[in-house]
Amino acid sequence: MKKPKLSKLEKPDKFDLFFSLWKQRSVRILMAVGFLYLFIASLEIPIVIKSGSSSVTPDPLSRLEKLDSEHDSVAREAPTRPLNTLVYPDPTRSSNRDHINGGERRRTFLSGLRFDSETFDPSSKDGSVELHKSAKEAWELGRKLWKELESGRLEKSMENSPEKNQSDSCPLSVSLSRSDLLTRKNSVMELPCGLTLGSHITLVGRPRKRSSKEEDESTLMFVVELQGLKTVEGEDPPRILHFNPRLKGDWSRKPVIEQNTCYRMQWGVAQRCEGWRSRPEEETVDGHLKCEKWIRDDDSYSEGFRATWWLNRLIGRRKSVKVEWPFPFVEEKLFVLTLSAGLEGYHINVDGKHVTSFPYRTGFALEDATGLIVNGDIEVHSVFAASLPSSHPSFDPQRHLELSSRWRAPPLPKRPVEVFIGILSAGNHFAERMAVRKSWMQHDLITSSKVVARFFVALHWRKEVNVELKKEAEYFGDIVLVPYMDSYDLVVLKTVAICEHGAYAFFAKYIMKCDDDTFIKLDAVINEIKKVPADRSLYIGNMNYYHKPLRGGKWAVTYEEWPEEDYPPYANGPGYILSSDIAHFIVKEFERHKLRLFKMEDVSVGMWVEHFKNNTKPVDYRHSLKFCQFGCVENYYTAHYQSPRQMICLWDKLQKKSEPQCCNMR
């Protein structure tokens, strides 16, 4: 059956329908919003296309150049907040305006974080009461010290101090008796100016015999260590030489001597001497074997061996004479140990006989050995160090030699940067900062100001360190001073300052955090960032999932500090990357006094990112083991726990071979 046709009057006109709907107010509002959305979307199409095209560009430098237009849009959208002075914001300072507008390098950078009486709330209910108290005290002390430093009063007081030249005293020899050694803090024998070629230390001691009541007699051992200065609060000082005889053995149950080094609480590969002579094909140290032979109770002195010896004697063969010695250390037997510094390594002689030699390892110098410590199952009778250096290899001459314009920070970029790198450092880490300046900070991306890197340093408890730090900051122009007295538990404040500086001062699209003993392969890091679409919130690093807080030991976390059973997902602290929207969120929460502070910096960042994800927008978590936390792995993105000499070594290898190869301490 055919449907009846409607007459022209009965047929609804589409324009009539449109105008009838338009008369309804709600429909008008919805349509206006829709038109506005389409208009905004049409404006952002070129940016999306440019970002997508840049991801296939193999060269990171050219890739960054193609993102200039996108950076300009980011700068227009970012809040134009001036870089503040130490405590009170002063937007009228020309240096601040020049910094934001891309002027020449400022002489000194100061963190723009706003600290006030409400920032650190002692009545905090999130378990960080003690942290807030120590932060407030550190800020108040830092504020007072900075005023003295900025006014010049601190430098004048240092010049008039009678202690100014005490550090230049370098005795040619040091001698301590047993009673003298026991009175020293931690039984450390100080070597004020370190060691030099030909220096030697003589130790007279006696291994202590354990009583039958003492448990685990197999652990009978003692340690002789050359140590450096403690560089980081909360960590042990570096072990430049760790000499450890174990009279009852360890897992082998045979006497053994183990030698090693340790930097930033990370041990190198141990050299074990177990009574076997080093193989002929092994390298020697100044012509000495690494390990000499001593008599073992499992040596081949069987009946068959003696029969062979008599047969050789009957047929006229001359028996080669071998002089073999027992293990050099015996319970309750006095010994004289001499440790000497050669051209290629350390040499240990006991009772006049060479026992072992240990080659110098990358990252440790003779002048770094400023202390000798002896502990364990040993009674020390006396220690004597001689042929010590006559002059102090102090940092002052070194600083003057390093004051070259070659290592200064390049001029500030006139446009927002793609990546801002904040490097955590300490006031007395001049050698570490110079190693970074001479290595990966010489990359084309940084020297061309496409990527910007800055050191973030808090004030040191030693006034002379702060005086030198201020001079260093003024000369190199790559240091941001964060206004509080440095403390291991307050590193988290430096991280907030990194976010603030990268997001507000440089309008960086991505903010990376690392340590001053972290080597970065910038090309690989940029390529990793480009794998993620530009519109996504990003968190890249060596991720930890479902990690539980330690409730006991040195790094214990109380339930008041962290009541949860698991930490949120977080990237290990030596190197990670955040997108700028997350960095903006962190700074705003800090300024609103709503940012939860935790003494473990990397966990804090994971906590903040999770809060951002739950309250703002999804976050793309990217995990890679190439952001190496402990030491170095082949084909790394970042390598952690690298000494200054290893930094230079890694850079040299990267320049010569264009491949990220490690400089392990072997």
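All figures in this text were calculated on a predicted structure; none of them were measured in a lab.

Draft legend 1. Highlighting the nonpolar core. Core analysis: the largest hydrophobic core is formed by 101 residues, its most contacted members being Ile-421, Ile-423, Trp-440, Phe-519, Tyr-539, Leu-578 and Trp-608. The leading source of residues in this core is helix H14 (residues 491-505), at 10 residues. In this structure, Trp-440 is in contact with Ile-421, Ile-423, Ile-446, Ala-453, Cys-514, Thr-518, Phe-519, Ile-520, Leu-522, Met-647 and Trp-651, ignoring residues within four places of it in sequence. Counting residues in hydrophobic clusters, the runner-up holds 42 residues, among them Val-224, Phe-329, Leu-339 and Ile-378.

Draft legend 2. Quick look at unusual backbone geometry. Unlike most non-glycine residues, Glu-332 shows phi in positive territory, near 60°. By the secondary structure assignment, Glu-332 is in the loop between helix H9 (303-314) and strand S10 (335-341). The phi torsion at Ser-387 lies on the positive side, around 55°, for a residue other than glycine.

Draft legend 3. Highlighting the side chain of Lys-290. Considering the arrangement of structural elements, one finds Lys-290 in the loop between strand S9 (271-273) and H9. Setting aside anything within four residues of it in sequence, one finds Lys-290 in contact with Gln-271, Cys-273, Ser-278, Glu-282, Glu-283, Val-285, Val-355, Thr-356, Ser-357 and Pro-359.

Draft legend 4. Here's a closer look at helix H13 (residues 463-476). Helix length check: H13, at 14 residues, gives a terminal C-alpha distance of 20 Å against a target of 20 Å (1.5 Å per residue), a fit within 8%. Among the residues making up H13, those that are buried are Val-465, Asn-466, Val-467, Leu-469, Lys-470, Glu-472, Ala-473, Tyr-475 and Phe-476. Positive backbone phi, at 70°, marks Gly-477, one or two positions downstream of H13.

Draft legend 5. Representation of the sheet that holds strand S2 (residues 174-177) within the structure. Taking strand neighbours across the sheet as the criterion, the 6 strands line up as S2-S14-S4-S10-S11-S12 in an open arrangement whose pairing is antiparallel. The two strands at the open ends of the sheet, each matched to only one other strand, are S2 and strand S12 (353-359). Strand-to-strand twist of the sheet, defined as the mean angle between neighbouring strand axes without regard to direction, takes the value 20°. Looking at chain direction, strand S4 (residues 200-207) and strand S14 (residues 378-386) are connected through 8 bridges and run antiparallel. If you follow Pro-207 over to S14, its bridge partner there is Ile-378.

Criteria and cut-off values
- Residues numbered from 1 in each chain as written.
- Predicted model: local features only at pLDDT ≥ 70, side-chain atom pairs only at ≥ 80, totals over all residues.
- Heavy atoms only, no water.
- Core = buried A, V, L, I, M, F, W, Y, C linked by side-chain atoms within 4.5 Å.
- Buried < 20%, exposed > 50% of the residue type's maximum accessible area, 1.4 Å probe, protein only.
- Helix = DSSP H or I, 4+ residues; strand = E, 2+ residues; numbered from the N terminus.
- Contact = heavy atoms within 4.5 Å.
- Expected span 1.5 Å × (residues − 1).
- Pairing = 2+ DSSP bridges.
- Axes fitted to C-alpha atoms, helices over the stretch in contact; angles between N-to-C directions.

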